[in-house]
Amino acid sequence: MSLLRLLTCGSVDDGKSTLIGRLLHDSKAIFEDQLESITQTSKARGHERVDLALLTDGLRAEREQGITIDVAYRYFATPKRKFVIADTPGHVQYTRNMVTGASTASLALILIDARHGVVEQTRRHAFIASLLRIPHICVCVNKMDLVDYDVNVFNRIQSDFEKFAARLETTDITFIPISAINGDNVVTRSKHMDWYTGATLMHHLEHVHIASDRDLINRRFPVQWVIRPQSAQHADYRGYGGQVASGVFRPGDEVVALPSGLTTRIKDIHLHDQVLESAFPPMSVAITLEDDLDISRGDMLASPDNKPDATQDIEAMLVWMAPEPMQLKKKYFIRHTTREARCIVNELKYQIDVQTLSREPGATQLGLNEIGRVSLRTTAPLFVDPYRQCRETGSFIVVDEATNNTVGAGMIIDR
Amino acid sequence: MAARDYILNHLAILEAEAIHIMREVAAQFEKPALLFSGGKDSIVMVRLAEKAFRPAKFPFPLVHVDTGHNFPETIAFRDRLVERLGERLIVASVEDAIAAGIARDDPGPTPSRNRAQIPTLLHAIETHKFDALFGGARRDEERARAKERIFSFRDEFGQWDPKNQRPELWNIYNGRIRPGEHIRVFPLSNWTELDVWQYIALEGIEIPSIYYSHEREVVMRDGQWMPTSSFMPAKEGVAAAKRIVRFRTVGDMTCTAAVESPATTVEDIVAEVAAARASERGARMDDRTSDAAMEDRKKEGYF
């Protein structure tokens, strides 16, 4: 069984919680006691039918206000796949939550209210999905029941979306007309939309091809933890623990250790008592080397003829996540793969207006939920690839030195 | 070299993620510890720690918050496992904490040491200066947990602030803290109950016998079969019955309900869990107190 991580974007009004409730309910991921609990709450609130949205309202404050304010993770499985949903709120003031959910997603599910069509929020969600390089977008045109299941409404929305999507990086976009509240085309085919011949949402989620999304070419292994038993039995053992970021590693492969630049060969790859023929993303393994090199956490193993860029100057798109604005020349911590350094932002080249998606030069600071193109200088070299090539070696977070809070998320771009 | 040759199934992906999290904690913190309850989730964490750190020892001890109301089978299992692993076990005793005036017994109608665990644990954290604690909690268990980070920040009072959580992106974890603060870490966040059981079956992991069906004396309380014990004997006039039961979770004998089940092997349990129509936490009386019971306890410093 494979695993698909997906992001759901939309607001309460789009029927997002209802759709997720429907997916959980129809895939039988909801237990009777949970259903009983929300049935009672629905009755107490005077709702005519069970409000499936209640299933996903997590925290008390959210239940009281009837909104979703954070990233919530939901799980369901079918015989074909296990699904992890990152459920994030849709409003502009929650952009950072959506970016967080998007960072690990393979598919973005964008909800559009059929009555309202493509709105500013739709464009923003599609832009963030593209910025975070979610490889697949699935646009669900919801509430088709409220527009008499009209094919023309659906076609117009699809064409509107495609017009601006031409500017985005995501190329795999699927459109599905649904009614989450009635279940049309969610798990079972709609009886009301004979004109739609594509897959139901569940069928699409089960079959979307994700195996090729990973980079199996460029070998990158950030060393996370050096395993050195202090015992006579394993006196000479020195294993490098880590998670493969990209590429395929095999025993006998020649590798270069960064930053030293020394080369050696892989002796063996294992996990506890299990010996492995190869290691590929996202496996966590231990690697031993033929030669005794001085390698520690934060170093990286790569191919000698295909190395990441070792640099202290980073060009990136930066999403700001803290109420205190990003300041030029201020010192921050930067965490990239298993490496940590300090950094300053030397330049803010432009800011992206997330409403219009236009570039606005001349900005001097980034506020909460704002996105800008920046140049950073770090105290030590980082081993980086463009984010478009590899999410793991192309991403970083910025941490405030005073509060220790995570204040920024960056995606490295080609210089 | 086709991409289809390099596919991991969902259990392998979850395993890789959990190992990455555990190594990250070992690298980022001075004094981590693993909260070990003797339940299946903490037993799975121990297996993952073996995968992350062997052939070396774990770079942290196991910590058991012992309420004194445990199933004797759980304690026996714990001691055997620690012996086999050759790792360090620290027991934080709720009885001792009550005797020292750090914790109080709940004066409620049924004896529960649920709340008393919180000050006991926080005292142990202070005493040993732990800066990171692994917990086996999963996001599928409960609505408040669905929103908790994998690295979950706790202030100097051990409190969780659900509205002020650090953003957590990609597989980059921010473990920066000030003295007195700590991080709770949940490597099994993305696992479901079924995933845990499938992994136990796949890896052939030994678990305490009370997870398997056995004959036991139980009484009906609030529609659930509760085990009788010296901590909670059957009330006068309430008929105790012998039933073939097993436990889906392992908490205290006073708050963990049994389910009638014929499952005697881990494969039986996987099949039972896959077909189950009631949630795992539904058998925990401590979570049935109110809609937000778990959220409130977590804010105070519960696991």
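Only a predicted model underlies this, so the values are computations on that prediction, with no experimental measurement involved.

A.B. asks: Now, about the overall build of chain A: what can you tell me, with residues and values included?
C.D. replies: Scanning chain A from terminus to terminus reveals eight helices and 23 strands. Its C-alpha radius of gyration of 24 Å places chain A within 12% of the 22 Å reference for a compact globule of 415 residues. For chain A, the spread of C-alpha atoms along the principal axes amounts to about 70 × 55 × 40 Å. Across the 415 residues of chain A, 49% fall into the buried class. Put simply, of all contacts in chain A between residues at least 6 apart along the chain, 70% involve residues at least 24 apart.

A.B. asks: Tell me about helix α4 (residues 95-102) of chain A, and please be specific about residues and values.
C.D. replies: Residues and elements named next belong to chain A. Counted residue by residue, α4 has eight buried out of eight residues, so it is predominantly covered. Of all the residues in α4, the buried ones are Thr95, Arg96, Asn97, Met98, Val99, Thr100, Gly101 and Ala102. Residues of α4 that are buried sit in contact with β1 (2-9), β3 (81-87), β4 (107-113), α5 (120-131), β15 (309-320) and β23 (406-412).

A.B. asks: Now, about the sheet that holds strand β5 (residues 136-142) of chain A: what can you tell me, with residues and values included?
C.D. replies: Residues and elements named next belong to chain A. Taken together, six strands build an open sheet; the order of strands is β2-β3-β1-β4-β5-β6 and the sheet is mixed. Across the chains shown, the open sheet's two edge strands, defined by having one partner strand only, are β2 (72-77) and β6 (172-177). The mean angle between the axes of side-by-side strands here comes to 25°, regardless of whether they run parallel or antiparallel.

A.B. asks: With reference to specific residues and values, describe the domain arrangement of chain A.
C.D. replies: Residues and elements named next belong to chain A. Parsing chain A into structural domains produces domain 1 (2-213), domain 2 (220-302) and domain 3 (309-412). Relative placement of domain 1 and domain 3: their C-alpha centres are 30 Å apart. If you look at the interface, domain 1 gives 11 residues, while domain 3 gives 12 residues. For the side of domain 1 that touches domain 3, the leading source of residues is α5, giving five residues. For the side of domain 1 that touches domain 3, the per-class residue count stands at four nonpolar, two polar and five charged.

A.B. asks: I'd like to hear about the interface of chain B and chain A, residue by residue, with values.
C.D. replies: The interface is formed by 51 residues belonging to chain B together with 54 residues belonging to chain A. Contributing elements (two or more residues each) for the side of chain B that touches chain A: α1 (10-28) and α2 (40-53) of chain B. The element that contributes the greatest number of residues to the side of chain B that touches chain A is α1 of chain B, accounting for nine residues. When grouped by side-chain class, the residues that make up the side of chain B that touches chain A number 24 nonpolar, 10 polar and 17 charged.

A.B. asks: Got a sec to walk through the environment of phenylalanine 153 of chain B? Specific residues and values, please.
C.D. replies: All names here are of chain B. For phenylalanine 153, the location among the structural elements is in strand β5 (residues 151-154). For phenylalanine 153, a count of 21 C-beta atoms within 10 Å gives the class buried. Separated by 13 residues in the primary sequence, phenylalanine 153 and arginine 166 have C-alpha atoms spaced 7.7 Å apart. In contact with phenylalanine 153, other than residues within four places in its own chain, are Gln165, Arg166 and Ile183.

A.B. asks: Please provide a residue-by-residue account of the sheet that holds strand β2 (residues 62-66) of chain B, values included.
C.D. replies: Strand pairing in a sheet relies on backbone hydrogen bonds. The paired strands run either parallel or antiparallel. All names here are of chain B. Read from one edge to the other, the open sheet built from six strands follows the order β3-β2-β1-β4-β6-β5, with strand pairing classed as mixed. Lying at the two open borders of the sheet, with one neighbouring strand each, are β3 (89-93) and β5. Neighbour-to-neighbour, the strand axes of this sheet turn through a mean angle of 30°, independent of strand direction. Taken together, the five bridges between β2 and β3 define a ladder with parallel strand orientation. The residue bridging valine 63 from the neighbouring strand is isoleucine 90, located in β3.

A.B. asks: An account of unusual backbone geometry is needed here, citing residue identities and associated values.
C.D. replies: Looking along the chain, the bond that leaves leucine 258 of chain A and enters proline 259 of chain A is cis, with omega of 10°. Turning to its location among the elements, proline 259 of chain A is positioned in the loop between β10 (254-258) and β11 (263-271). Here the bond from arginine 54 of chain B into proline 55 of chain B is cis, since omega is 10°, no more than 30 degrees from zero. Of note in this structure, histidine 272 of chain A is not a glycine but carries a positive phi near 55°. Looking at the secondary structure, you find histidine 272 of chain A in the loop between β11 and β12 (274-276). Overall, the presence of 17 C-beta atoms within 10 Å leaves histidine 272 of chain A in the partly exposed class.

A.B. asks: How would you summarise the pairing of strand β1 (residues 32-35) of chain B if you had to cite specific residues and measurements?
C.D. replies: Residues and elements named next belong to chain B. The alternating pattern of β1 places Pro32 and Leu34 on one face and Ala33 and Leu35 on the opposite face, and all of these are buried. Looking at chain direction, β1 and strand β4 (residues 132-134) are connected through three bridges and run parallel. Across the sheet, the residue bridging to proline 32 is alanine 132, located in β4. Two strands pair when backbone bridges link them, and β1 and β2 are joined in this way by two bridges, in the parallel orientation. In the strand pairing of β2, leucine 34 is matched with leucine 62. Once you follow β1 into α2 and on to β2, the crossover reads as right-handed.

How each quantity is defined
- Chains are numbered independently. Their residues run from 1 in the order of the written sequence.
- In the order they appear in the text, chains get letters beginning with A and ligands get numbers beginning with 1.
- A pLDDT threshold of at least 70 governs which residues receive local features in this predicted model, and a stricter bar of 80 or more applies before side-chain atom pairs are shown or counted, although totals over entire chains, interfaces and linings include all residues.
- Each helix is a run of DSSP H or I of at least 4 residues and each strand a run of E of at least 2, with the numbering of both proceeding from the N terminus.
- In this description the radius of gyration comes from C-alpha coordinates, and the expected globular size is given by 2.2 Å times residues to the power 0.38.
- Put simply, a residue is buried when 20 or more other C-beta atoms lie within 10 Å of its own C-beta and exposed when 12 or fewer do; between those, it is partly exposed, and each C-beta is set from the backbone.
- Note on contacts: each residue gets a C-beta atom placed from the backbone, and two residues are in contact if those atoms are within 7 Å.
- If DSSP finds at least two bridges between two strands, the strands pair.
- Interaxial angles span 0 to 180 degrees and are taken between N-to-C directions of axes, which are lines fitted to C-alpha atoms, for helices over the stretch in contact.
- Residue ranges assigned to the domains are those given by an automatic or database domain assignment.
- All amino acids are sorted into three groups, where Ala, Val, Leu, Ile, Met, Phe, Trp, Tyr, Cys and Pro are nonpolar, Asp, Glu, Lys and Arg are charged, and the leftover types, Gly among them, are polar.
- By convention, orient the strands away from the viewer: a clockwise path from the first strand over the helix to the second makes the crossover right-handed.

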